Amino acid sequence: MRIDIITVLPELLQSPLNYSILKRAQDKNLVEIVVHNLRDYSLDKHRKVDDYPFGGEAGMVMKIEPVDRVITQLKSEREYDEVIFTTPDGEQFDQPMANQLSMAGNLIILCGHYKGIDYRIREHFITKEVTIGDYVLTGGELAAAIMCDAIVRLIPGAIGDEQSALSDSFQDNLLAPPVYTRPAEYKGWRVPDVLLSGHQRKIDEWKHEQSLERTRRLRPDLLK
Ligand code: 6GU
């Protein structure tokens, strides 16, 4: 898998993409994540990528030419499953979308910025518009980093224990059960006896009951 991220702030993406599972997945060649500075595709002598909006509103708008240049260049090199635009008015990013995107071959993520991007970019280049939640971020970079994290950890081999991505919260629309490690007792606070019993069927039943109980209490919307 390859993910090309187009941004005016490449530095903002460096550290989120280069630690832990994302780092390991790239080191193992499970995914190649390439960050492109949109300014490198501006022909303007000031490397300008934004301009004033027609119709005289407040704020700046991302220009179409540099975006066309970088996307056209990338598409000439390989085929892409999706050209994603990060925007608060997009489709909600969630676990099913992460699962689906983790099976893609190549993805482009264009990070939104300023007041917005020239709408012709959305009409002619973008295949999928995605938000990570109902709040406004300064730019799409942190959203892109979050999406990459959620997608890449699902690629087979990215996580050491193959089971563990499948037992995540949300994979079965249930929150994950509590987990514990040694010591079995700390300051009088004991780990639930069943987990120490060695009785696997009872342990699995307990975990499932805990998942149901926590989901009912904390996220009843997931059970509907
Ligand atoms: Cl994807 N972009 C921006 N700018 N703000 C957001 C978002 C995306 N998702 C939630 N807020």
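The following paragraphs examine the structure supplied in this document. (Residues numbered from 1 in each chain as written. Predicted model: local features only at pLDDT ≥ 70, side-chain atom pairs only at ≥ 80, totals over all residues. Heavy atoms only, no water.)

This part covers unusual backbone geometry. Note the cis peptide between arginine 182 and proline 183, where omega equals 5°. The topology assignment puts proline 183 in the loop between α7 (162–166) and β9 (185–186). In this model, arginine 47 sits at a positive phi of 55°, which is unusual for a non-glycine residue. Tracing the chain through its elements places arginine 47 in the loop between β2 (32–37) and β3 (50–51). (Helix = DSSP H or I, 4+ residues; strand = E, 2+ residues; numbered from the N terminus.)

On to the pattern of salt bridges. Once the charged atoms of two side chains with opposite charge are near each other, the side chains can pair. Counted under the stated rule, the structure contains 19 salt bridges. The salt bridge involving arginine 122 is made with glutamate 129; its shortest N-O contact spans 2.7 Å. Here aspartate 193 ties to arginine 190 by a salt bridge, and the two come within 2.7 Å at their closest N and O atoms. Overall, the relative accessible area of 53% leaves aspartate 193 in the exposed class. The network of salt bridges with shared partners includes Arg2, Asp4, Glu32, Glu77 and Arg78. (Salt bridge = Lys/Arg side-chain N within 4 Å of Asp/Glu carboxyl O. Buried < 20%, exposed > 50% of the residue type's maximum accessible area, 1.4 Å probe, protein only.)

Let's shift gears to the sheet that holds strand β7 (residues 116–117). Read from one edge to the other, the open sheet built from 3 strands follows the order β3-β4-β7, with strand pairing classed as mixed. Edge strands, defined here as strands with exactly one partner in the open sheet, are β3 and β7. Pairing geometry for β3 and strand β4 (residues 61–62), over 2 bridges, is antiparallel. Its bridge partner being in β4, aspartate 50 is matched across the sheet by methionine 62. (Pairing = 2+ DSSP bridges.)

Counted residue by residue, strand β1 (residues 2–7) has 6 buried out of 6 residues, so it is predominantly covered. Pairing of β1 with β2, which is carried by 6 bridges, proceeds in the parallel orientation. When the sheet's bridge partners are listed, isoleucine 5 is paired in β2 with valine 35. The pairing of β1 with strand β6 (residues 106–111) spans 5 bridges and is parallel. Looking across to β6, one finds that arginine 2 is bridged to asparagine 106.

Across a sheet, paired strands are connected by hydrogen bonds in the backbone, their directions being either parallel or antiparallel. One open sheet holds the 5 strands; their spatial order is β2-β1-β6-β5-β8, and the pairing between them is parallel. Pairing within the sheet leaves two strands with one partner each, and these edge strands are β2 and β8 (128–131). Taking the axes of each pair of neighbouring strands and ignoring which way they run, one obtains an average angle of 30° across the sheet. Against the sheet, helix α3 (residues 64–77) touches β1, β2, β5 (82–92) and β6, its axis set at about 165° to β1. Sheet strands in contact with helix α4 (residues 95–102) are β5, β6 and β8, and its direction is about 175° off that of β5. (Axes fitted to C-alpha atoms, helices over the stretch in contact; angles between N-to-C directions. Contact = heavy atoms within 4.5 Å.)

A separate point is the nonpolar core. Core analysis: the biggest nonpolar cluster contains 32 residues, and Ile3, Ile5, Ile33, Phe93, Met147 and Val152 have the highest contact counts within it. At the level of elements, β1, α1 (11–17), α2 (20–27), α4, β6 and α6 (141–152) are the ones that each hand at least two residues to this core. For this core, the leading source of residues is α6, giving 8 residues. Beyond its immediate sequence surroundings of up to four residues, isoleucine 3 is in contact with Val31, Glu32, Ile33, Val34, Leu107, Ile109, Cys148 and Val152. Met62, Val83, Ile121 and Ile126 belong to the second-largest nonpolar core, a separate cluster that totals 19 residues. (Core = buried A, V, L, I, M, F, W, Y, C linked by side-chain atoms within 4.5 Å.)

Taken together, Thr86, Thr87, Pro88, Val130, Thr131, Ile132, Gly133, Tyr135, Leu137, Gly139 and Ala143 make up the full set of residues adjacent to the ligand. Between the ligand and tyrosine 135 there is a distance of 2.5 Å, counted from a nitrogen atom to a backbone nitrogen or oxygen. For the ligand, whose accessible area on its own is 290 Å², the fraction buried by protein is 96%. For the shell around the ligand, the elements supplying multiple residues, two or more each, are β5 and β8. Per element, the largest residue contribution to the shell around the ligand is 3 residues, and it comes from β5. (Near = heavy atom within 4 Å. Polar contact = N/O pair within 3.5 Å; in protein donor to acceptor, adjacent residues only side chain to side chain. Areas by Shrake-Rupley, 256 points an atom, 1.4 Å probe, with all protein chains shown as cover.)

Together, Leu9, Leu12, Tyr135, Leu137 and Leu142 line one region of the surface with nonpolar side chains, adding up to about 410 Å² of accessible area. Position of leucine 9 relative to the elements: it lies in the loop between β1 and α1. (Patch = residues over 30% accessible without salt bridge, like charges linked within 9 Å, V, L, I, M, F, W, Y side chains within 5 Å.)

Interpretation in functional terms is not warranted from these geometric data alone.
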